[in-house]
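If you want the building blocks of each chain, they are given just below.
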Amino acid sequence: MSMPGLYVSPEQLMQDRADYARKGIARGRSLVTLEYDGGIALVAENNSATLRKVSEIYDRIAFGGVGRYIEFDQLRVAGVRHAELKGYQYSRSDVEARSLANQYAQMLGQFFTHELKPLEVEIVVVEVGSGDEANQLYRIQYDGTVMDEETYCCIGGDADAVRERVAEGYDPEFDADAAIGLARAALAGPEREITAPDLEVALLESIVPDTSHRRRCFRRLDDAEVEAALGDDAEEPEDSADQEDS
Amino acid sequence: MPFFAPGDDPGASFLELLRRTGNEPFGDLAQVAAAEGGLGSLEGSHATTVLAVRSSGGVVVAGDRRATSGHLISHRDMRKVFPADSYSAVAIAGAAGPAVQMVRLFQLQLEYYEKIEGKPLSLEGKANQLAEMIRAHLPQAMLGLPVVPIFAGFDLADGRGRLFQYDVTGGRYEEQDYATAGSGSLHAGTVLKLGFRDDLSEPDALALSVQALWHAADEDSATGGPDPVRGIYPVLAAIGPDGFRQLDDAESGAVFAALQADLASGGSGGGSSAHRGEVPR
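Bear in mind that the values here come from a model prediction, so they are computed numbers and not experimental data. (Residues numbered from 1 in each chain as written. Chains lettered and ligands numbered in written order. Predicted model: local features only at pLDDT ≥ 70, side-chain atom pairs only at ≥ 80, totals over all residues. Heavy atoms only, no water.)

1. Observations regarding the overall build of chain A
- Scanning chain A from terminus to terminus reveals six helices and 10 strands.
- Within chain A, the fraction of its 246 residues that count as buried is 52%.
- Pairs at least 24 residues apart make up 65% of the contacts formed inside chain A by residues separated by at least 6 positions. (Helix = DSSP H or I, 4+ residues; strand = E, 2+ residues; numbered from the N terminus. Buried < 20%, exposed > 50% of the residue type's maximum accessible area, 1.4 Å probe, protein only. Contact = heavy atoms within 4.5 Å.)

2. Things to note about the sheet that holds strand β8 (residues 160-166) of chain B
Residue and element names in this part refer to chain B.
- The antiparallel open sheet is built from five strands, whose spatial order is β5-β6-β7-β8-β9. Looking at strand neighbours, the two that pair on one side only are β5 (81-85) and β9 (172-175), the edges of this open sheet. Taking the axes of each pair of neighbouring strands and ignoring which way they run, one obtains an average angle of 25° across the sheet.
- Both β8 and β9 contribute to a ladder of four bridges, which runs antiparallel. (Pairing = 2+ DSSP bridges. Axes fitted to C-alpha atoms, helices over the stretch in contact; angles between N-to-C directions.)

3. Details of a nonpolar patch on the surface
- A contiguous nonpolar surface patch, about 240 Å² in accessible area, is contributed by Leu6(A), Val8(A) and Leu13(A).
- Tracing the backbone through its elements, the reader meets Val8(A) in the segment before α1 (10-26). (Patch = residues over 30% accessible without salt bridge, like charges linked within 9 Å, V, L, I, M, F, W, Y side chains within 5 Å. Areas by Shrake-Rupley, 256 points an atom, 1.4 Å probe, with all protein chains shown as cover. Salt bridge = Lys/Arg side-chain N within 4 Å of Asp/Glu carboxyl O.)

4. Concerning the side chain of Asp227(B)
Residues and elements named next belong to chain B.
- Within the fold, aspartate 227 resides in the loop between α7 (202-219) and β11 (235-240).
- Judged by relative accessible area, which is 10%, aspartate 227 ranks as buried.
- Look past the residues within four positions of aspartate 227 in its chain and what remains in contact with it is Arg76 and Ile232.

5. Details of the environment of Met107(A)
- Mapped onto the fold, Met107(A) is located in helix α3 (residues 97-114).
- In the structure, Met107(A) is positioned 36 residues away from Asp143(A) in sequence and 9.1 Å away in space, judged by C-alpha atoms.

6. A word on the pattern of salt bridges
Residue and element names in this part refer to chain A.
- Overall, the coordinates contain 45 salt bridges over all chains when judged by the stated rule.
- The partner of aspartate 59 in a salt bridge is arginine 92, and the shortest N-O contact between them spans 2.9 Å. Here aspartate 59 is found in the loop between β3 (54-58) and β4 (61-67), whereas its partner arginine 92 is found in the loop between α2 (69-89) and α3, with 33 residues between them in sequence.
- The class of arginine 92 is partly exposed, set by a relative accessible area of 25%.

7. Some words on the pairing of β8(B)
All names here are of chain B.
- With six of its seven residues buried, β8 lies for the most part within the structure.
- Here six bridges tie strand β7 (residues 150-155) to β8, and the two strands are oriented antiparallel to one another. Residue aspartate 155 lies in a different strand from β8, and its bridge partner there is arginine 160.
- Between the antiparallel neighbours β7 and β8 lie four residues, among them glycine 159 with a positive phi of about 70°.
- Turn length for the β8-β9 hairpin, with the two strands adjacent in sequence and antiparallel, is five residues, and the turn residue glycine 170 shows positive phi of about 95°.

8. Some words on the nonpolar core
- Ranked by internal contacts, the top residues of the largest apolar core, which has 58 residues, are Ile57(A), Leu75(A), Tyr104(A) and Phe151(B).
- Looking at this core, the element that brings in the most residues is helix α3 (residues 96-117) of chain B, giving nine residues.
- In this structure Ile57(A) touches Ala62(A), Phe63(A), Arg76(A), Gly79(A), Val80(A), Ala83(A), Leu100(A), Tyr104(A) and Lys115(B), once residues within four positions along its chain are discounted. (Core = buried A, V, L, I, M, F, W, Y, C linked by side-chain atoms within 4.5 Å.)

9. Looking at the packing of aromatic side chains
Residues and elements named next belong to chain A.
- Counted by the stated rule, this structure contains 11 aromatic pairs over all chains.
- Summarising the aromatic geometry, the rings of phenylalanine 112 and tyrosine 142 are spaced 5.9 Å apart at their centres and angled 50° between planes, so their arrangement reads as tilted. You can see phenylalanine 112 sitting in helix α3 and its partner tyrosine 142 sitting in the loop between β6 (136-140) and β7 (146-149), a full 30 residues away along the chain.
- The exposure class of tyrosine 142 is buried, given its relative accessible area of 6%.
- Aromatic side chains tyrosine 152 and tyrosine 170 sit 5.4 Å apart centroid to centroid with 55° between the ring planes, which places their arrangement in the tilted category. Placement of the pair is tyrosine 152 in strand β8 (residues 152-155) and tyrosine 170 in the loop between α4 (159-169) and α5 (176-188), with a sequence separation of 18 residues. Neither tyrosine 152 nor tyrosine 170 differs from the other in exposure class; each is buried. (Phe/Tyr/Trp six-rings, centres within 6.5 Å; stacked < 30°, edge-to-face > 60°.)

10. Things to note about the interface of chain B and chain A
- Taken together, the contact pairs 26 residues of chain B with 27 residues of chain A.
- Together chain B and chain A conceal approximately 2,200 Å² of surface at their shared face, both sides included; 57% is due to carbon and sulfur atoms.
- In this assembly, chain B and chain A are joined by six salt bridges.
- Between Arg215(A) and Glu111(B) there is a salt bridge; the shortest N-O distance is 2.7 Å.
- Listing elements by their share of the side of chain B that touches chain A, those giving two or more residues are α1 (14-20), α3 and β12 (243-246) of chain B.
- Of the residues belonging to the side of chain B that touches chain A, the class tally is 14 nonpolar, six polar and six charged. (Buried area = accessible area lost by both parts, 1.4 Å probe. Nonpolar A, V, L, I, M, F, W, Y, C, P; charged D, E, K, R; others polar.)

11. Points about the sheet that holds strand β1 (residues 31-36) of chain A
Residues and elements named next belong to chain A.
- Sheet architecture is open: five strands sit in the order β8-β1-β2-β9-β10, paired in antiparallel fashion. Of all strands in the sheet, those with a lone pairing partner are β8 and β10 (218-221), marking the two edges. The mean angle between the axes of side-by-side strands here comes to 15°, regardless of whether they run parallel or antiparallel.
- Across the sheet, α4 touches β1 and β8, and the angle it forms with β8 is around 155°.
- Those strands touched by helix α6 (residues 223-230) are β9 (199-205) and β10, and its axis lies near 85° from that of β10.

12. Structural notes on α5(A)
Residue and element names in this part refer to chain A.
- For α5, with 13 residues, the first-to-last C-alpha span of 18 Å sits near the 18 Å given by 1.5 Å per residue.
- A large share of α5 lies buried, amounting to 12 of its 13 residues.
- Every buried residue of α5 is accounted for by Ala176, Ala178, Ala179, Ile180, Gly181, Leu182, Ala183, Arg184, Ala185, Ala186, Leu187 and Ala188.
- One or two steps after α5, the chain reaches glycine 189, where phi turns positive at roughly 75°. (Expected span 1.5 Å × (residues − 1).)

Written as structure tokens, this is what we have:
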């Protein structure tokens, strides 16, 4: 890989790779995941209806990715495979987000140091707790750094600004609609507006109404459901910054 | 974490993923059986009655609860009807161990496909997946461990219930009205054949299924009837536009109680034991 006679210090090499990955991630739109009173909401700005950023991994686990689609989709598939194999070999209750997050971290770290180029992605792995267990939110960076987040987390190009906006408006008593509303306002910022078709929304619902047959907590909302959650079904209200109050 | 190079990727097949990761789902037992010179002396649990009936709004699936080993009853509350996913069910007849394992693999495969591809398989695709699993299981079937399921579901694209029967080689046969499998299938099939109408409502289809199971249990020692003493009733499930729903024991018990009352009063379900007003146990 390195050319003979050309010395690059390890610090420089890692710095260059990190810059490269960050630049790739910064080009994409952001994703917010936050807890509400009945589970975890994952909300991404995504104008494609078919190329998804948020997906189901396992019964209580969801995945969100930003950056290069093809790269985080590969990670998503690898995660589904890891979870399904583990559930098949042991039991469904042995599949958990923490071990999955560590696997992802190893993989991203491996790519970062050993491959020609790092993966230009940032991902979240979240698990909704069953019963008294707490929810788990992990954020994993392009170099394999894992962060164990509480209540909400944001990834993507504009993540820091989005996180600040979420922090300002967040209330742990939120229901799903309010959480989606805040996520939209945080993703859009003060200058822009995002409508339902440009949002991708999924919920990991901890309260399962029909316990007999439902073990998969993941539920994707379609455009109509997102519109209803945001309260934009009639006409777009002017006070879009106050969506979380609706 | 499994990661594959492009072109070498097992795609949406869970079975292929298992093979690639050293978890061959079908091979090992057949090798053991071959080394032992066949399983002739090892009696598996083969006998059963399971059935599916098309109703006007979908399809009904039912199965008895008895598992036998030779002349002994090994389980009274065995489950032979399973949801395959939200809109389909699989009912098994044959050797219990491999059959239950096949159902598990089938359920995993359907969910795995849905997650990898982002949308569920078509009903036809699901039926074909099951056929492929039965075909892969053929070496074990040849050694005396056959699995012969029924697959039934609600076809969201067509808006109707559909049902499929299989043979041990993986032959897949779509049936229009009803399907049966297991040692009591001959008796159950006759009842269904005589009682089937094109416009059966879901309760009527459930009542007909219960009648068929009762007659199968009446004639076939390896099929269990309702067991009100222990509160164990054959599994009844209905699949319609709202998805899979299994009746709870109280609901199943009520359907059987209605049949029993009908039989006791010399009604249409009447057989030789109807005069005694008793149900076989």
